[in-house]
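Report on the structure
In case you want the letters, here they are:
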Amino acid sequence: KKTSLEPHQVEEDTTISRFRQYLRFNTAHPNPNYAAPVSFLTSVALSIGLQVKTFEFVPGKPVLLLTWKGSNPSLPSVLFNSHLDSVPAEEDKWSHPPFSAFHSPEDGKIYARGAQDDKCIGIQYLEAIRNLKASGFKPLRTVHVSYVPDEEIGGFDGSAEFVKSKEFEALNLGLVLDEGQASPTDEFRVFYADRSPWHLIIRAIGAPGHGSRLYDNTAMENLMQSVEIITKFRETQFDVAKAGHAALSEVVSVNAVYLKSGIPSPTGFVMNMQPSEAEAGFDVRLPPTVDPNLMREKISKEWAPASRNMTYEIIEKGPLRDYKGRPLMTATDDSNPWWSVFEQAIIAAGGKLKKPEILASTTDTRFMRQMGIPAFGFSPMTNTPILLHDHDEFLKDTVFLRGIKVYEFVISSLSSFEEASQQKL
Ligand code: MET
Ligand SMILES: [Zn+2]
Ligand SMILES: [Zn+2]
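All figures in this text were calculated on a predicted structure; none of them were measured in a lab.

1. Quick look at the overall build of the protein
Within the protein one finds 10 helices and 21 strands. The C-alpha radius of gyration computed for the protein amounts to 24 Å, which stays within 12% of the reference 22 Å derived for 425 residues, consistent with globular compactness. Viewed in the frame of its principal axes, the protein has a C-alpha envelope of about 80 × 50 × 45 Å. Counted over contacts in the protein with a minimum sequence separation of 6, partners at least 24 positions apart contribute 79%.

2. Quick notes on helix H8 (residues 337–348)
Compared with an ideal rise of 1.5 Å per residue, which puts 12 residues at 16 Å, H8 spans 17 Å between its outermost C-alpha atoms and is within 8% of the ideal. Considered for burial, the residues of H8 that qualify are Trp338, Trp339, Phe342, Ala345 and Ile346. Considered in projection along H8, the buried side chains sweep an arc of 130° and stay on one side of the axis. Immediately beyond the C-terminal end of H8, within one or two residues, lies Gly350, with a positive phi of roughly 85°.

3. Let's talk about the packing of helix H2 (residues 35–48) against helix H3 (residues 119–134)
Interhelical geometry of H2 versus H3 gives an angle of 10° and a closest axis separation of 10 Å. The pairing of H2 with H3 is recorded here as roughly parallel in orientation. Taken as a pair, H2 and H3 cross one another with a handedness that is left-handed. Across from Val44, Ala45 and Ile48 in H2, the residues of H3 making contact are Leu126, Ile129, Arg130 and Lys133. Along the lines of polarity and charge, the residues of the contact of H2 with H3 split into five nonpolar, no polar and two charged.

4. Considerations on the sheet that holds strand E4 (residues 102–103)
Pairing is antiparallel across the open sheet formed by three strands, whose spatial order is E4-E5-E21. With partners counted over all chains shown, the strands left at the sheet margins are E4 and strand E21 (394–396), one partner each. Pairing between E4 and strand E5 (residues 109–111): two bridges, direction antiparallel. By the bridge assignment for E5, Phe102 is matched with Tyr111.

5. Some thoughts on the UniProt feature "binding site: Zn(2+) 1" (unreviewed entry) in the protein
As annotated in UniProt, the feature "binding site: Zn(2+) 1" (unreviewed entry) corresponds to His83, Asp117 and Glu179 in the numbering used here. Across 97 residues in sequence, these annotated residues keep their C-alpha atoms within 8.6 Å of one another, forming a single compact spot. Tracing the backbone shows His83 in strand E3 (residues 77–83). What His83 contacts, discounting residues up to four positions off in sequence, is Asp118, Val148, Glu151, Glu152 and Asp364. Note on Asp117: 28 C-beta atoms within 10 Å, which makes it buried. Apart from residues no more than four positions distant in its own chain, Asp117 is found in contact with Glu179, Leu388 and His389.

6. Thoughts on the site of ligand 1
Taken together, the neighbourhood of ligand 1 is formed by Glu151, Glu152, Gly154, Pro197, Lys317, Ser361, Thr362 and Thr363. Broken down by class, the residue content of the shell around ligand 1 amounts to one nonpolar, four polar and three charged.

7. Here's the deal with the sheet that holds strand E17 (residues 310–316)
Remark on secondary structure: sheet strands pair via backbone hydrogen bonds, oriented parallel or antiparallel. Read from one edge of the open sheet, four strands run E12-E16-E10-E17, paired in antiparallel fashion. Unpaired on one side and paired on the other, strand E12 (253–261) and E17 mark the two borders of the sheet. On average, adjacent strands in this sheet sit at an angle of 20° to one another, irrespective of strand direction. With 10 bridges connecting them, strand E10 (residues 196–205) and strand E16 (residues 277–286) associate as antiparallel partners. Looking at the pairing, Ile201 lines up with Gly281 of E16. Sheet strands touched by helix H7 (residues 292–303): E10, E16 and E17. Its angle to E17, the strand with the most contacts, is close to 155°.

8. Concerning the environment of Arg366
Secondary-structure assignment places Arg366 in helix H9 (residues 365–370). For Arg366 and Met273, which are 93 residues apart along the polypeptide, the C-alpha to C-alpha distance reads 46 Å. Excluding anything up to four places from it in sequence, Arg366 contacts Asp194, Ser196, Gly318, Pro319 and Leu328.

Cut-off values and rules
Residues numbered from 1 in each chain as written. Chains lettered and ligands numbered in written order. Predicted model: local features only at pLDDT ≥ 70, side-chain atom pairs only at ≥ 80, totals over all residues. Helix = DSSP H or I, 4+ residues; strand = E, 2+ residues; numbered from the N terminus. Rg over C-alpha atoms; globule rule 2.2 N^0.38 Å. Contact = placed C-beta atoms within 7 Å. Expected span 1.5 Å × (residues − 1). Buried ≥ 20, exposed ≤ 12 C-beta atoms within 10 Å, placed from the backbone. Arc of directions from axis to C-beta. Axes fitted to C-alpha atoms, helices over the stretch in contact; angles between N-to-C directions. Parallel < 35°, antiparallel > 145°, perpendicular 65-115°, else oblique. Left-handed = near helix turned anticlockwise from the far one by under 90°. Nonpolar A, V, L, I, M, F, W, Y, C, P; charged D, E, K, R; others polar. Pairing = 2+ DSSP bridges. UniProt positions renumbered as here; feature names shortened; annotations may be inferred. Near = placed C-beta within 6 Å.

Dropping the structure here:
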């Protein structure tokens, strides 16, 4: 096979075909197909010679666990996690159907919902293990690979159940790797914390009346005042980041995702009636450094004050603190011996590593960190635009294949790490 050509210019690699096969399962919410990808991954895992177990902590929501036993299984093991599910895609706004995994012969881009988030790593883990096995490598520590459901809707029936199980405890984990985010530059990105999501719903009520009247305290007026206050807060946070005082992931983000009011009519809305109820929904993300109680206070006093006939609901999507009450952060200094092993593995793979970051979005690592297990977020995608949850999500074949090489270094280094004393967390 000619190696001077880019992968998309030669007959398609079987590795790429497996990636595309995995991408073609429609795992989008609200009805993700879990059975088919789990059976596909199972057969790939068996062909590599991994042990396979499936758990259903919640019926119909499988957790697939693959195991490559180490020569010293009494040492804490390493887990490589990814999620099976995807967010939906607005198909008519995509250049190629989101579950077709179109592979462009021109530039090697593979288009699919999940190409970056996060089916790439799900296949890369397996291909890296396949290659390591073929090279004769034997891990010292046991390596586990897990595929979990429902991450995109909060992970409550997935990782949250998994980490509470006796099966999870029996894994005796020393370290977890999970998804990260693409890097637009040639530096790899690694994440030591996530922001925690809150779904905030604010509701206003007010006197209804004729659409022509000017009077005080309508539901819409109450709601829109709050929207203005929240927009100002959003600006202050954004300005801190724009001024370079913090990364975007180090401030609180609040983004309106819906506004709901009006009295429906067959042609739209009744226009000459002022509605008596109005509601807005926001995606709020809190960095681990922020005090959630101060945010709660702000919401109740400024964003949805009872004095303006407002109520609110905060739906906390997961834990904010670990089992000892500490913010969910993994150390990236000498206090965490895994850190330098990981860092060295990237360097050995010929990669450059950006300073560790807080992830702007949220992953299942918060459930692992909650248990006191160190976890890094990492998806080896350099020179790639950040397209998670966007239209035309893609990953270039060459980037995907390089990621497998990177994981060969990462998996072999982490699983060979000898240090006997375990990090005390
Ligand atoms: C609703 S929990 C968060 C799930 C998803 N990974 C996100 O960051 O949006
Ligand atoms: Zn993801
Ligand atoms: Zn996602």
